[in-house]
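Coordinate analysis (summary)
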Amino acid sequence: DGGVVDYGAGIELAYYCWTDLEVHGWIEHAGHRIAATGRGWMEHQWGSVEAWDYRWKYVSGQVDGNREFLAFSFWEGQAPSANLTRSWCALIAPDGTLTQFRDEDVEIVHQGDWRGYPLQTAIRVPSVGLDLRVEPTFDDQRVPGSPFSAKLKPFWEGVSVVTGSWDGSEVAGWAISELAGWEPS
């Protein structure tokens, strides 16, 4: 949509991402320097929204067959009385073609509970045979909040494993998940 994502409730934010970057660098550990290479993902989102007035769960990942996905649920207000305004999913084919699905065309189910955060996610788009399960590699990946604003509460952002099926083929891969607006316990 021209780099603008509609979150519902009259909220639109600018967004872009590069989903298949070559990454080269070094890892230093215990006095040893090790060369590292791999695939990376870079994204940026901006707009004029007061983040602490909303709650969201965002997942983006890469799976077998050079396929990628982005999905989110967005609520107006904070838990527990937040109102779901948008569910959205974008699928990126190996040739770079992007297909978007909204609300009734995508099912995003948030499951589990770690200190008030529903860390597991199921993403389903029946019309294209998508059925993914996203689970964190470990639970404690919480970010404590912002030292610059008392309004920005702690949020959870971390690495997750993806399993499931896409268009009749079993797939596996990696994702990043982000949850904000939940009341941590």
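Summary of the structure given here. (Residues numbered from 1 in each chain as written. Predicted model: local features only at pLDDT ≥ 70, side-chain atom pairs only at ≥ 80, totals over all residues. Heavy atoms only, no water.)

**Topic: unusual backbone geometry**
Let me state the cut-off plainly: The way it works is that DSSP assigns letters per residue, a run of H or I at least four long becomes a helix, a run of E at least two long becomes a strand, and they are numbered from the N terminus.
The phi angle at asparagine 66 is positive, at roughly 55°, despite the residue not being glycine. Mapped onto the elements, asparagine 66 comes out in the loop between strand E4 (54-63) and strand E5 (67-76). Despite not being glycine, aspartate 167 has its phi angle at roughly 55°, a positive value.

**Regarding the pairing of strand E6 (residues 83-92)**
Test applied: The rule is simple: take the accessible area with a 1.4 Å probe, protein chains only, and divide by the maximum for that residue type; under 20% is buried, over 50% is exposed, in between is partly exposed. Two strands pair under a simple rule: DSSP has to find at least two bridges between them.
The element E6 is extensively covered by neighbouring structure, given that eight of its 10 residues are classed as buried. Bridge count for E5 against E6 is nine bridges, and the pairing is antiparallel. Bridged to phenylalanine 69 within E6 is leucine 91. Pairing of E6 with strand E7 (residues 98-102), which is carried by five bridges, proceeds in the antiparallel orientation. Bridge pairing links isoleucine 92 to leucine 98 in E7.

**Details of the packing of aromatic side chains**
Describing an aromatic ring pair means giving the distance of the ring centres and the angle of the ring planes. The line we're drawing: Any pair of Phe, Tyr and Trp rings, taking the six-membered ring for Trp, is counted once the centres come within 6.5 Å. Such a pair is stacked with planes under 30 degrees apart, edge-to-face with planes over 60 apart, and tilted for the rest. Charges are assigned to positions over rings by a cutoff of 6 Å between ring centre and Lys NZ or Arg CZ, combined with an angular limit of 35 degrees from the ring normal.
Inspection of the entire model under this criterion finds five aromatic pairs. A centroid spacing of 6.3 Å and a plane angle of 25° characterise the contact between tryptophan 114 and tyrosine 117, whose relative ring orientation is stacked. When its relative accessible area of 14% is taken as the criterion, tryptophan 114 is described as buried. Judged by its relative accessible area of 0%, tyrosine 117 is buried. Taken together, the aromatic side chains of Tyr16, Trp18 and Trp46 make up a single cluster linked through ring pairs. The ring centre of tryptophan 26 lies 4.3 Å from the NZ or CZ of arginine 33, which sits over that ring. When the ring centre of tryptophan 75 is taken as reference, the NZ or CZ atom of arginine 55 above it lies at 4.3 Å.

**Thoughts on the environment of tryptophan 56**
As a reminder of what qualifies: Any N or O atom pair separated by 3.5 Å or less is treated as a polar contact, with the protein-specific requirement of one donor-capable and one acceptor-capable atom, and with residues adjacent in sequence counted only for side-chain atom pairs.
Tracing the backbone shows tryptophan 56 in strand E4. The sequence separation of tryptophan 56 and threonine 137 amounts to 81 residues, and the corresponding C-alpha distance is 20 Å. Side chain to side chain, tryptophan 56 and glutamate 178 meet in a polar contact 2.6 Å long.

**So, the environment of valine 5**
Short version of the rule: The contact definition used throughout considers only heavy atoms, calling two residues in contact when any of these lie within 4.5 Å.
Along the chain, valine 5 falls in strand E1 (residues 4-8). Between the C-alpha atom of valine 5 and that of tyrosine 15, which follows or precedes it by 10 residues, the distance is 6.7 Å. Those residues within four positions of valine 5 in sequence are excluded, and the remaining contacts are Ile11, Glu12, Leu13, Tyr15 and Phe72.

**Some points on a nonpolar patch on the surface**
Where we set the bar: The patches described consist of residues with a relative accessible area above 30% and no salt bridge, like charges being joined within 9 Å and nonpolar side chains (Val, Leu, Ile, Met, Phe, Trp, Tyr) within 5 Å. Each accessible area is a Shrake-Rupley result for a 1.4 Å probe, and residues are judged covered by the shown protein chains and nothing else. Between Lys or Arg on one side and Asp or Glu on the other, a salt bridge is scored when a side-chain nitrogen of the former is within 4 Å of a carboxyl oxygen of the latter.
Where nonpolar side chains cluster on the molecular surface, the patch consists of Tyr16, Trp18, Leu21, Val23, Met42 and Trp46 and spans about 540 Å² of accessible area. Going through the elements one at a time, strand E2 (11-29) and strand E3 (32-46) are the ones with two or more residues in the nonpolar patch. With four residues, the top contributor of residues to the nonpolar patch is E2. Here valine 23 is to be found in strand E2.

**Points about the state of the cysteines**
Our working definition: Here, a disulfide means two cysteine sulfur atoms that sit within 2.5 Å of each other.
Tallied over the entire structure, the rule returns zero disulfides. Counting only cysteine sulfurs, cysteine 89 is the nearest neighbor of cysteine 17, a cysteine outside any disulfide, at a range of 12 Å. Overall, the relative accessible area of 0% leaves cysteine 89 in the buried class.

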